[in-house]
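Architecture and fold: a report
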Amino acid sequence: MALILHDVTFEMVPTEVRLLTAMTPAGFPSPAQDDMEEPIDLASWLIDHPAASYVMRVSGHSMVGAGVADGDMVVVSRAVEARSGDIVVALVHGDRTMKRLRRRGDRMWLVPEAEGLPAIIVDEDVEIWGVVVALARRYRT
Amino acid sequence: MGDPIHLIRDRLDRHGMRVMSSNYTLYGDMQRRVLAAVEDFASEVEIYSIDESFLDLTPFADRDLVAHANAMWDQVRRWTTIPTRVGIGPTKTLAKLANAAAKKNPLFDGVADLREDALRNWVLDRFPVGDVWGVGHATAGKLAALGVSTAGQLRDMPMKQARGIGTVVLERLVAELQGVPASAVEIVEPQRKGMAVPRSFGGYVSDKEAMMGAMAQYAMRAGEKLRSHGLVAGQLTIFFHTNKHKRERPQYGAQRRIRLHPMTADSLELLAAARRGGEPSWRDG
């Protein structure tokens, strides 16, 4: 079950969309608040550090368990430190892959989110390349 | 001693490239990232070619510049995966020479600071004159005939003699090797493709007119720089952003590219273009 990450070049051209506030602090939709809030620039909301961020398109289904589906765009940041629990892009023997990073005992592991795939211990053959910090998905055109 | 200027050369090595496709768009993209990563470490950045820039380090001169360069190296490597080489010197020629030395001699570990006389002389005496920035094949031949084979020997050449051989260009080069900047003159600039006039504001700018005013100043300065080099621009990119180091405050940044047709070095045209690009990108607040 291969997962392939395709590089996507991006440009930060500000594009604003009106943001509708749908939630009150309590989490319930509030009809009183459904007027227009500040405009949001989706690109800069997804990518807060353009110079150190890389956009990749995901092919494959092996990360569905982590909520990353075939065709999704992910924003991978090299400016943040990887922590246990992060979804990361890693180079394993030079091959690029996406996995969940988990601490087990005193070692870090790359854990796949699909059955039948082994976890990989993070050693000198593994380089954590970047951290998946955002995801964008289209459901239909 | 003149302004310490700093040259950085990026090498897109195979390791860095492996995770990317290889095309020119990508090179441009990586160049932008590298420039963003070095922005915090220099007061001015002059793009010399797609993989080389001169950085003005004057405001940092009283610090440990090797540590400064190493921190910059780390930031570029981290954001872009690209390893760089850094050469530091009081003139551009010496910075470029330092950069070549950083490449050749593993002693420097990627960062060569040639501001100190002793080290500089040591490197210059071992540096082939033909490899000095701006010394062409023909000039190198003439120099060899005079027994000048190292950069150190060229530095010690009498000015008059230098002018006799290689016109005023070689004379300037001798001055640069002595640590005297050839005032605002580009010695060799065959591949100059772009330049930047980045600035930080002392305080926060929340007023559109103030920002446009600042932008106008930079456009003027860019025009001046272009004209002083006898160049014209075909494209202008403006960008501004909020203080990235105050993460708790709301963040915004914008970048616009404006095509200039016909190409120009006219400050007023640059100014108009900057306004065209800047105005729609501004957000109040």
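Above this note sits the structure.
First, a word on what this report is: a plain description of the structure on this page. (Residues numbered from 1 in each chain as written. Chains lettered and ligands numbered in written order. Predicted model: local features only at pLDDT ≥ 70, side-chain atom pairs only at ≥ 80, totals over all residues. Heavy atoms only, no water.)

Focus: the overall build of chain B
Counting its secondary structure elements, chain B contains 10 helices and 7 strands. The proportion of buried residues among the 285 residues of chain B is 49%. Sequence-distant contacts, at least 24 apart, represent 62% of the contacts inside chain B between residues at least 6 apart. Accessible surface, chain B: about 14,300 Å² in total, of which carbon and sulfur atoms supply 54%. (Helix = DSSP H or I, 4+ residues; strand = E, 2+ residues; numbered from the N terminus. Buried < 20%, exposed > 50% of the residue type's maximum accessible area, 1.4 Å probe, protein only. Contact = heavy atoms within 4.5 Å. Areas by Shrake-Rupley, 256 points an atom, 1.4 Å probe, with all protein chains shown as cover.)

Some details on the sheet that holds strand β4 (residues 53–59) of chain A
Residues and elements named next belong to chain A. Pairing is antiparallel in the open sheet, where 8 strands are placed in the order β1-β4-β5-β10-β6-β7-β8-β9. The two strands at the open ends of the sheet, each matched to only one other strand, are β1 (4–8) and β9 (120–121). Both strand β7 (residues 95–104) and strand β8 (residues 107–111) contribute to a ladder of 5 bridges, which runs antiparallel. Within β8, the position partnered with Leu 101 by the bridge is Leu 110. (Pairing = 2+ DSSP bridges.)

Section: helix α4 (residues 92–104) of chain B
Each α-helix turn comprises 3.6 residues. Residues three or four places apart therefore point the same way. Residue and element names in this part refer to chain B. Spanning 13 residues, α4 covers 18 Å between terminal C-alpha atoms, matching the ideal 18 Å at 1.5 Å per step. Taken across its 13 residues, α4 has 10 buried, putting it largely inside the fold. Buried within α4 we find Lys 92, Thr 93, Leu 94, Ala 95, Lys 96, Leu 97, Ala 98, Asn 99, Ala 101 and Ala 102. (Expected span 1.5 Å × (residues − 1).)

Focus on the nonpolar core
Core analysis: the biggest nonpolar cluster contains 41 residues, and Met56(A), Val74(A) and Met98(A) have the highest contact counts within it. Those elements that provide at least two residues to this core are β4, β5 (73–77), β6 (87–92) and β10 (126–136) of chain A together with α2 (24–38), β2 (44–49), α3 (65–80) and β4 (84–89) of chain B. Considering each element in turn, this core owes the most residues, 7 residues, to α2(B). Excluding anything up to four places from it in sequence, Val74(A) contacts Tyr54(A), Val55(A), Met56(A), Val58(A), Val68(A), Met98(A), Val132(A), Ala134(A) and Leu135(A). Leu97(B), Leu114(B), Leu143(B) and Ile165(B) belong to the second largest nonpolar core, which has 26 residues in total. (Core = buried A, V, L, I, M, F, W, Y, C linked by side-chain atoms within 4.5 Å.)

Quick word on the environment of Ala69(B)
Residue and element names in this part refer to chain B. Position of Ala 69 relative to the elements: it lies in helix α3. Taking the relative accessible area as the measure of exposure, Ala 69 reaches 0% and is therefore buried. Each C-alpha atom, one on Ala 69 and one on Ile 88, is 8.8 Å from the other, the two residues being 19 residues apart in sequence.

Structural notes on the packing of aromatic side chains
Enumeration over the complete set of coordinates arrives at 4 aromatic pairs over all chains. A ring pair is formed by Tyr54(A) and Trp129(A), whose centres lie 5.0 Å apart and whose planes are at 70°; its orientation type is edge-to-face. On the criterion of sequence distance, the pair formed by Tyr54(A) in strand β4 and Trp129(A) in strand β10 is long-range, its members being 75 residues apart. When sorted by exposure, Tyr54(A) lands in the same class as Trp129(A), which is buried. For the ring pair Phe54(B) and Trp133(B), a centre distance of 5.4 Å and an interplane angle of 45° mean the geometry is tilted. (Phe/Tyr/Trp six-rings, centres within 6.5 Å; stacked < 30°, edge-to-face > 60°.)

A look at the pairing of β4(B)
All names here are of chain B. Counting buried positions along β4 gives 6 out of 6 residues, so the element sits mostly inside the fold. The alternating pattern of β4 places Thr 84, Val 86 and Ile 88 on one face and Arg 85, Gly 87 and Gly 89 on the opposite face, and all of these are buried. In the sheet, β4 pairs with strand β5 (residues 111–113) via 3 bridges, with the strands oriented parallel. Bridging across to β5, Val 86 finds its partner in Val 111. For the segment spanning β4, α4 and β5, crossover handedness is left-handed. (Right-handed = clockwise from strand over helix to strand, strands pointing away.)

Things to note about a nonpolar patch on the surface
All names here are of chain A. There is a patch of nonpolar side chains on the surface, built from Val 17, Leu 42 and Trp 45 and spanning about 330 Å² of accessible area. When you line up the elements, Val 17 lands in strand β2 (residues 16–20). The exposure class assigned to Val 17 is partly exposed, which follows from its relative accessible area of 40%. (Patch = residues over 30% accessible without salt bridge, like charges linked within 9 Å, V, L, I, M, F, W, Y side chains within 5 Å. Salt bridge = Lys/Arg side-chain N within 4 Å of Asp/Glu carboxyl O.)

Quick look at the side chain of Lys99(A)
Residues and elements named next belong to chain A. Here Lys 99 shows up in strand β7. Put simply, Lys 99 is tucked away with no salt bridge, and the nearest opposite charge, on Glu 113, sits 10 Å away. Of the polar contacts made by the side chain of Lys 99, one reaches the side chain of Thr 97; its length is 3.0 Å. Among residues more than four places away in sequence, those in contact with Lys 99 are Met 63, Asp 86, Ile 87, Val 88, Leu 110, Val 111, Pro 112 and Ile 120. (Lys, Arg positive; Asp, Glu negative; His and termini not counted. Polar contact = N/O pair within 3.5 Å; in protein donor to acceptor, adjacent residues only side chain to side chain.)

Side note on the pairing of β8(A)
Residue and element names in this part refer to chain A. Hairpin geometry of β7 and β8 is characterised by an intervening segment of 2 residues between the two adjacent antiparallel strands and by a positive phi of about 65° at Gly 105. Pairing of β8 with β9, which is carried by 2 bridges, proceeds in the antiparallel orientation. By the bridge assignment for β9, Leu 110 is matched with Ile 120.

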